[in-house]
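The chain contents come next:
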Amino acid sequence: MFKDSILSAKDMGDDIHDVIIIGSGPAGYTAGLYAARAMLEPLMFAGYMSGGQLMLTSDVENFPGYPQGIGGPEMMMELREQAERFGLKVEDRNVESVDLSERPYKVVVEGETFLTHAIIVSTGAESIWLGAKGEEEQKGRGISTCATCDGAFFRDEEVLVIGGGDSACEEATFLTRFASKVTLLHRRDVFKASTIMYERALNNDKIEIKTFRQIKEWLSDEKGLTGAVIEDPRDGSTSTIAATGAFIAIGHTPITSFLDGQVETDGEGYILHKKHTMTSVEGVFAAGDVVDTRYKQAITAAGMGCQAAMDVEKWLEDNVE
Ligand SMILES: Cc1cc2nc3c(=O)[nH]c(=O)nc-3n(C[C@H](O)[C@H](O)[C@H](O)COP(=O)(O)OP(=O)(O)OC[C@H]3O[C@@H](n4cnc5c(N)ncnc54)[C@H](O)[C@@H]3O)c2cc1C
């Protein structure tokens, strides 16, 4: 925690950063690019998994400017390189905590404290995975958590969607544009989804809904996913189902624990914007999936990163001498 940390010599006295960016996905790098070009000398803590969620995907085909598509890790390297060219300083370290009780704010990284006038939080969100046997190996090789992103790779193939909420029903319906058949698996017979979303899935000829089914194990061969062993939770009986794609739609967790409740969030932990991209704390801004309960795309995260950097620039002008 902050009180045990060391205030490093280089960060004491007058050495207060204008803005520290926490997180290095599309939101963070875009914020870094704009803040650097605005001469704010931004410092970014990129986290141990620098590059964010797109480091987990092989092809990004919907980010403008790449007519042939681009590998996720490659695209993130390019975003980083572009921001660094204008002076963004990046440290691949995790922020442990922040102290927002007084200004300048304190950002604690591996026991070292950095002072800053403003902060942009762009720590993203983690998809919730099932953790079934074989899942780790098939992530990005058939199993995804983003139908908008990866649905088009499964043209005329049979896919599974797992979940019982709005996103599961919405993703199943969306996937019928590409897949020859979509099987929606839910471990209960009661759906959390709104009636309209559920009925849309139910009435779609390409969707089969199977209740009381959960994934026990993923099956694969050298080419990728081939199906799954599914289990009826009521009696433990199992069967197999064939599919070359699977979309897990059981939710996301925004990464905000290091804020320790100092910034207002909604019931699910997503940071709330109060004025443009500013949070409930003056001078603390947020961008990307950590805020976004709806779109969750690289381009929307990048767009919000741009907005946050422009809001920081204006806020510094108005509030810091
Ligand atoms: C498998 C998969 C495929 C996808 N494919 C596409 C696609 O094709 N097209 C598309 O538009 N979108 C795609 N998405 C969605 C897209 O990746 C996200 O919408 C986007 O990455 C969100 O960007 P972000 O900057 O908000 O956060 P993220 O990309 O999640 O980045 C957050 C960053 O914050 C860092 N961080 C977290 N905690 C800390 C901390 N305490 N200190 C420092 N750093 C921290 C993390 O290490 C990470 O680098 C995909 C997502 C997944 C999971």
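This structure is a prediction, so every number in the text was calculated from the model and none was measured.

Asks: Mind laying out the nonpolar core, listing which residues take part and the relevant values?
Replies: Counting 56 residues, the largest nonpolar core has Val107 and Val121 as the members making the most contacts within it. Of all the elements, helix α7 (residues 298-319) adds the most residues to this core, at nine residues. Setting aside residues up to four positions removed in sequence, Val121 forms contacts with Ile22, Phe258, Leu259, Ile271, Val284, Phe285, Ala286, Ala287 and Val290. Ala168, Cys169, Leu184 and Met197 belong to the second-largest nonpolar core, a separate cluster that totals 18 residues.

Asks: Mind laying out the site of the ligand, listing which residues take part and the relevant values?
Replies: The local shell around the ligand holds 36 residues, among which Gln53, Asn62, Val95, Asp289 and Ala298 are the closest. A distance of 3.1 Å is found between an oxygen atom of the ligand and a backbone nitrogen or oxygen belonging to Lys296. Contacts to the ligand include Gln297, whose side-chain N or O atom sits 3.1 Å from an oxygen atom. Coverage of the ligand by the protein amounts to 95% of the 1,000 Å² it exposes when considered alone. Residue assignment for the shell around the ligand shows that the elements contributing at least two residues are α1 (26-37), α4 (147-150) and α7. Residues of the shell around the ligand, tallied by class, amount to 15 nonpolar, 16 polar and five charged. No fewer than three residues from each of domain 1 (2-126 + 252-319) and domain 2 (129-248) sit in the shell around the ligand.

Asks: Kindly report on the state of the cysteines, identifying the contributing residues and their values.
Replies: Under the definition given, this model contains one disulfide. Left unpaired, Cys169 is separated from the closest cysteine sulfur, that of Cys146, by 17 Å.

Asks: Could you give an account of the side chain of Thr116, with specific residues and numbers?
Replies: Mapped onto the secondary structure, Thr116 falls in strand β7 (residues 112-121). Taking relative accessible area as the criterion, Thr116 reaches 0% and is therefore assigned buried. Only 3.4 Å separates the side chain of Thr116 from the backbone nitrogen of Ile20, close enough to count as a polar contact. Among residues more than four places away in sequence, those in contact with Thr116 are Ile16, His17, Asp18, Val19, Ile20, Pro104, Tyr105 and Val107.

Asks: An account of the pairing of strand β14 (residues 224-231) is needed here, citing residue identities and associated values.
Replies: Counting buried positions along β14 gives seven out of eight residues, so the element sits mostly inside the fold. The sheet contact formed by strand β13 (residues 214-221) and β14 spans seven bridges and is antiparallel. If you follow Glu217 over to β14, its bridge partner there is Val229. Two successive antiparallel strands, β13 and β14, enclose a turn made up of two residues. Note that β14 and strand β15 (residues 238-242) share five bridges and pair antiparallel. Looking at β15, one finds that Val229 is bridged to Thr240. Counting the residues between successive antiparallel strands, the hairpin from β14 to β15 contains six residues, one of them, Gly236, with a positive phi of roughly 80 degrees.

Asks: I'd like a rundown of the pattern of salt bridges, residues and numbers included.
Replies: With the rule as written, the count across this model stands at 14 salt bridges. A salt bridge links Arg80 to Asp92; the nearest nitrogen and oxygen atoms lie 3.0 Å apart. Taken together, the positions of Arg80 in helix α2 (residues 72-85) and Asp92 in the loop between β4 (89-91) and β5 (95-99) put the pair 12 residues apart, joining distant regions of the chain. Notably, a salt bridge pairs Glu136 with Lys139, separated by 3.2 Å at the nearest N-O pair. Judged by its relative accessible area of 25%, Lys139 falls in the partly exposed class. When salt bridges that share partners are traced, they join Glu91, Arg93, Glu110 and Glu112 into one network.

Asks: Before we move on, could you go through the domain arrangement of the protein chain and cite the residues and values that matter?
Replies: The domains assigned to the protein chain are domain 1 (2-126 + 252-319) and domain 2 (129-248). Between domain 1 and domain 2, the C-alpha centre-to-centre distance is 33 Å. At the junction of the two partners, domain 1 supplies seven residues and domain 2 supplies six residues. For the domain 1 and domain 2 pair, buried surface summed over both sides reaches about 490 Å², with 46% attributable to carbon and sulfur atoms.

Analysis parameters
- Residues numbered from 1 in each chain as written.
- Predicted model: local features only at pLDDT ≥ 70, side-chain atom pairs only at ≥ 80, totals over all residues.
- Heavy atoms only, no water.
- Core = buried A, V, L, I, M, F, W, Y, C linked by side-chain atoms within 4.5 Å.
- Buried < 20%, exposed > 50% of the residue type's maximum accessible area, 1.4 Å probe, protein only.
- Helix = DSSP H or I, 4+ residues; strand = E, 2+ residues; numbered from the N terminus.
- Contact = heavy atoms within 4.5 Å.
- Near = heavy atom within 4 Å.
- Polar contact = N/O pair within 3.5 Å; in protein donor to acceptor, adjacent residues only side chain to side chain.
- Areas by Shrake-Rupley, 256 points an atom, 1.4 Å probe, with all protein chains shown as cover.
- Nonpolar A, V, L, I, M, F, W, Y, C, P; charged D, E, K, R; others polar.
- Domains from an automatic or database assignment.
- Disulfide = S-S within 2.5 Å.
- Pairing = 2+ DSSP bridges.
- Salt bridge = Lys/Arg side-chain N within 4 Å of Asp/Glu carboxyl O.
- Buried area = accessible area lost by both parts, 1.4 Å probe.

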